[in-house]
Amino acid sequence: MKKLTLGLAAAAVLGTLSFGIGAASAAPASPAGIQAAPMVETVQMTRGERRMMRHHRMHRHMMHRRHMMHRRHMMRHRMMHRHMHRM
């Protein structure tokens, strides 16, 4: 039982140590401590993906404008409604 807890504690310490090294450099840590070069490659978007992104952006913009117009309309309606009650 004592060996098991000691083994778990040692594994936890080694795990946090390697996680700390890997997280600080944003690259996977090797056992020897030599950092590997990050393998990041850029991929060009297709015409369809670009069109879908533009469509999504336009849709969000339209929904935002619609929401703002509705807010403005409701504010005006509320002000007029208050004014009517004061008469």
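What counts as what
- In this numbering scheme, every chain counts its residues from 1 along its sequence in written order.
- Reporting of local features is limited, given that this is a predicted model, to residues whose pLDDT is at least 70; pairs of side-chain atoms are given and counted only at 80 or more, and all residues count toward the totals for whole chains, interfaces and linings.
- Excluded from the side-chain calculations are hydrogens and water; all other atoms, namely the structure's heavy atoms, are used.
- Numbering of helices and strands starts at the N terminus; helices are DSSP runs of H or I of at least 4 residues and strands are runs of E of at least 2.
- Buried, partly exposed and exposed residues are distinguished by accessible area as a fraction of the type maximum, computed with a 1.4 Å probe on protein chains only: under 20%, between the cut-offs, and over 50%, respectively.
- Surface accessibility in these figures is a Shrake-Rupley result with a 1.4 Å probe; residues are shielded only by whichever protein chains are displayed.
- For patch detection, residues must exceed 30% relative accessible area and be free of salt bridges, and they are connected within 9 Å for like charges or within 5 Å for nonpolar side chains (Val, Leu, Ile, Met, Phe, Trp, Tyr).
- One speaks of a salt bridge when a side-chain nitrogen belonging to Lys or Arg is within 4 Å of a carboxyl oxygen belonging to Asp or Glu.
- Counting rule applied: Lys, Arg positive; Asp, Glu negative; His and chain ends not counted.
- A single reference atom marks each charge: NZ on Lys, CZ on Arg, CG on Asp, CD on Glu.

Concerning the overall build of the protein chain
- Check the secondary structure of the protein chain and you find two helices and zero strands.
- Looking at the protein chain as a whole, 2% of its 87 residues are labelled buried.
- With an accessible surface of roughly 9,100 Å², the protein chain has 66% of that area assigned to carbon and sulfur atoms.

Some thoughts on a positive patch on the surface
- A contiguous patch of positive charge, built from Arg47, Arg50, Arg51, Arg54 and Arg57, is present on the exposed surface.
- By secondary structure assignment, the location of Arg57 is in helix α2 (residues 47-86).

Nothing here speaks to function; it is all geometry.
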